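Close look at the chain arrangement
This is what each chain is made of:
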Amino acid sequence: MSGGARRLWLVARREWSQRARSLAFRISTLISVLIVVALIVVPEMYGGGVKPTRTVGLVGQSSSQLPEILSAAGDQLGLSVKSRTYPDEISGRAALRSGDVSVLLVDQQQLVWKAETDDQLRAIVTSAVQFLERQQAIGELGLTAEQAQRLLQPPDLRSTSLEPATKERSARVALATIGMILLFMAIAFYGGSVLTGVVEEKSSRVVEVLLSRLRPTELLAGKVLGIGLVGLAQFALVAGSALVALALSGNTLAPKTTPSTIGWVLFWFVLGYGFYSVLYATAGSLVSRQEEAQSIQFPVTGVLLVGYVLAFVAAESPDGVAALVGSLVPPTAPMVMTVRIANGGVPWWQIVLSVALMVVTVYGMVQLAGRIYAGAVLRIGRRVRLKEAWRGSGV
Amino acid sequence: MLAIHDLTKRYGDVVALDGASFDASPGRIVGFLGPNGAGKTTTMRAILGLVRPNRGEVRWKGKPVGPEERARFGYMPEERGLYPKMKVGEELTYFAELSGMKGAAAKEAAAGWLGRLGLGDRAGARLEELSHGNQQRVQLAVALVHDPELVVLDEPFSGLDPLGVESLAEMLVQIAATGVAVVFSSHQLDLVEEVCQDVVIIDHGQVVLAGVVEELKAASSYRSLEVSVNGEPWAPILPSGTVTSKKDGRVRVLVDASVDLDEVLASARRVGEVTKFSFEPPSLTDLFLEAVSEGRGA
């Protein structure tokens, strides 16, 4: 590693070690993980797992396999079907009247309802009884178990839709919107951390000791890299636990695009943070006191907020002009593109163009910001004007 | 050797440095003097690459100073500052590594310096938990931890109590004795006179006096004359001379080196009994005031 790269890395490593092992970081990460996991697991337990339940009353002759087969047939249609056996038809009818059972099956031949018939339940019971009878008939034919299995196995039909299901699409966009909000918050938080870090170095005057040993751009880049790695690690940890929770809970409620949306959010965090952290660092270099840090970050957070608002516009009309422009222009692209991609139908060249514009802009900004930062960071005292910082570069 | 040549720096209309030149040699301590705003801090920052001069250059061992050379410099700015929340040992190690030391060597050097400064048991404490004096020591250690060949200290004695001044002065002498070039600025001229072999006086961005302290004193056309008389206050009747202090019948006058001492003594005796009569080279303070007031056209 060359001297400059090594110093940059040392700065990044310090940021990492000072922040990642702080109690605040550990607690906030833990809380984020718990919240995300709870958001996935809790609805799955109380909503996803609980299907409508029907109970079938069994009277007279019935196969001991029937309850199991009824339950399996119910699962396929999204019903939880239970069975209860009664000693005679009278007690069965009593249970039917009191509502303990939804239907009474007598001798595997006759269905008795309280009043209205339930077509769905009738289909389930019918197919279960049919299955048993076929099984018996096949057994009499003297087929091997394997041959029998093939006859009984329902065909696995693949299904496709001509148009995307709107319900699924709105669920995807809703998920991407949550991801976008987290992305916005993460950029604002970690970008803000960069700004605070820069101001701290100025207000504690350590910056002069630092810059006697490294170049301003090394300090700037190291700081951005170190804090970015902390943010990415936290983000990835939360996203990873979300994926694990999805996998373990069976994932019946979250849209199927959840893993890819999480991937895109992480990807856009890297680019968006790269863009905004440099802006935040530049803003921070202009002031010397924490009290001024609040007001100096308004313009930057304002631009970020435009992207946030545009992303909601894009969620409403993903094919509108605002969404298209917003997803290509660097300051707003991270938020807007995340939502548009989740909605689907974004041509690949738009994604490539958006990413390319972002990368080029970040590169250019590092050059500009490096000069302003270098010109301003050693000026302790009153707020430095941009023009002075620009002219005073390499002071 | 550190060679500063024709250093010029302007901030808009303000000229901070106006062609300043001087040298600093290994094993010697240079006192860098000048009134407030004379350009001391700008010069030191230029040595460390914190200020890019409009003209002139800084050379170390004959080469223009770049990042590689600066890795062998140690610097303590006038505005002290370190990371207040970092542990002292880690902070020192970090700065040692930034100056190019490898991890293990940096750690060892940090521990060594903490021990040397009597802070061996505080390595795990956050900087902000230390007393003001101990924080100053850590700041000094940061400037020295990577065994620099040149040490630049901006007002290192300001804010120290007399004991702190004494121990820092001792330490600077020790460091210089190992072959390190030391440059420090100060307003405490008696201290500079005691500690430094060389002195550079700067005013309005220009070096107005530079050289070996003893030689400058000897070469001065002035002498410090001090006379104490019992009795009436003695007023010196001299062709030239500036009274620098007058207290309880003791008078200190800067006189031309060629003054007729017999005549002065005789004039003092006419007033009363002479209890003290000394004739010495001027002090550094005298040289300083002379150099600076000349520059101001006084």
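Residues numbered from 1 in each chain as written. Chains lettered and ligands numbered in written order. Predicted model: local features only at pLDDT ≥ 70, side-chain atom pairs only at ≥ 80, totals over all residues.

**Some remarks on the confidence of the model for chain A**
This is how it is decided: Known as pLDDT, the predictor's per-residue confidence is scaled from 0 to 100. Put simply, DSSP H or I for four residues or longer makes a helix, DSSP E for two residues or longer makes a strand, and each gets a number counted from the N terminus.
Of all residues in chain A, 94% have pLDDT values of 70 or greater, and the mean over the chain is 85. At the low end of the mean pLDDT range in chain A sits helix H6 (residues 145-152) of chain A, at 76; at the high end sits helix H1 (residues 3-20) of chain A, at 92.

**Comments concerning unusual backbone geometry**
As a reminder, the rule being used: Residue burial is a threshold on neighbouring C-beta atoms within 10 Å of the residue's own C-beta, all placed from the backbone, with 20 or more meaning buried, 12 or fewer meaning exposed, and counts in between meaning partly exposed.
Unusually for a residue other than glycine, Arg205 of chain A sits at a positive phi of about 70°. Along the polypeptide, Arg205 of chain A turns up in the loop between helix H7 (166-203) and helix H8 (206-211). With 18 C-beta atoms counted inside 10 Å, the residue Arg205 of chain A sits in the partly exposed group. At His204 of chain B, a residue that is not glycine, the phi angle is positive and equals roughly 50°. His204 of chain B sits in the partly exposed class, given 17 other C-beta atoms within 10 Å.

**As for the sheet that holds strand S4 (residues 110-113) of chain A**
Residue and element names in this part refer to chain A. To keep things clear, this is the line we draw: Paired strands, in this sense, are two strands between which DSSP finds at least two bridges. All axes here are fitted lines through C-alpha atoms, helices being fitted over the stretch that makes contact, and every angle between N-to-C directions spans 0 to 180 degrees. Working definition of a contact: two residues with C-beta atoms, positioned from the backbone, lying within 7 Å.
The strand order S2-S1-S3-S4 describes an open sheet built from four strands, whose pairing is mixed. Lying at the two open borders of the sheet, with one neighbouring strand each, are strand S2 (80-86) and S4. Neighbour to neighbour, the strand axes of the sheet diverge by 25° on average, direction disregarded. Alignment of strand S3 (residues 103-106) against S4, held across four bridges, turns out to be antiparallel. Within the sheet, the bridge partner assigned to Leu104 lies in S4 and is Val112. Packing against the sheet, helix H3 (residues 66-76) makes contact with strand S1 (53-59) and S2, and its axis sits at approximately 160° to S2. In the packing of helix H4 (residues 89-98) onto the sheet, contacts are made with S1, S2, S3 and S4, and the angle to S1 comes to roughly 160°.

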